[in-house]
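Next come the chains, spelled out residue by residue.
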Amino acid sequence: QVQLVESGGGLVQPGGSLRLSCAASGITFSRYDMGWYRQSPGKERDLVAVISSLGDTKYANSVRARFIVSRDNAKNTVTLQMNSLKPEDTAVYYCNARRTQWQSYWGQGTQVTVSS
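Residues numbered from 1 in each chain as written. Predicted model: local features only at pLDDT ≥ 70, side-chain atom pairs only at ≥ 80, totals over all residues. Heavy atoms only, no water.

### Looking at the state of the cysteines
Applying the stated criterion across every chain, the model contains 1 disulfide. A disulfide bridge connects cysteine 22 with cysteine 95, and the sulfur atoms are separated by 2.1 Å. Judged by the sign of its S-S torsion, about -80°, the cystine formed by cysteine 22 and cysteine 95 is left-handed. One end of the pair, cysteine 22, is in strand S3 (residues 18-25); the other, cysteine 95, is in strand S9 (residues 91-100), and 73 residues separate them in sequence. A relative accessible area of 0% means that cysteine 22 is categorised as buried. (Disulfide = S-S within 2.5 Å. Helix = DSSP H or I, 4+ residues; strand = E, 2+ residues; numbered from the N terminus. Buried < 20%, exposed > 50% of the residue type's maximum accessible area, 1.4 Å probe, protein only.)

Written as structure tokens, this is what we have:
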């Protein structure tokens, strides 16, 4: 079955960096667009960054120039490098694999907390 496993979350001070990883199995990884979303308590799940199967990237305005999304098709992993973190980046971060609206899968999420 399809599994997406996120790792790398944790507590970091404002201005710090974290690197999230998502390991995928059960899918032909190279054919999927891979995205990172985040959700704070009481808020909707929002797109953070996405990298298409062709390697094109898109970012939310709030993270542009601070976050970098990349993928390694040989290792079936997608990574989100988060720099200059702010308290408002605090959320649960979810990995998503999407090929069609019927082929969309989610990881279990990893908590990122930015606080001094």
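### Quick word on the pairing of strand S1 (residues 3-7)
Residues in a regular strand point their side chains to alternate faces of the sheet. In S1, alternate side chains face the same way, and those of Leu4 and Glu6 are buried while those of Gln3, Val5 and Ser7 on the opposite face are not. As paired elements, S1 and S3 share 5 bridges and run antiparallel to each other. Bridged to glutamine 3 within S3 is serine 25. (Pairing = 2+ DSSP bridges.)

### Some details on the environment of leucine 11
Its location among the elements puts leucine 11 in strand S2 (residues 10-12). As a C-alpha pair, leucine 11 and serine 115 span 104 residues in sequence and 7.1 Å in three-dimensional space. Not counting chain neighbours up to four residues away, the residues in contact with leucine 11 comprise Thr113 and Ser115. (Contact = heavy atoms within 4.5 Å.)

### Focus: the pattern of salt bridges
The tally for this structure, following the rule as stated, stands at 2 salt bridges. With its nearest N and O atoms 2.9 Å apart, the salt bridge here joins arginine 38 to aspartate 89. Of this pair, arginine 38 sits in strand S4 (residues 33-39) while aspartate 89 sits in the loop between strand S8 (77-82) and S9, and the two are 51 residues apart along the sequence. Among the residues examined, arginine 38 registers a relative accessible area of 14% and is labelled buried. (Salt bridge = Lys/Arg side-chain N within 4 Å of Asp/Glu carboxyl O.)

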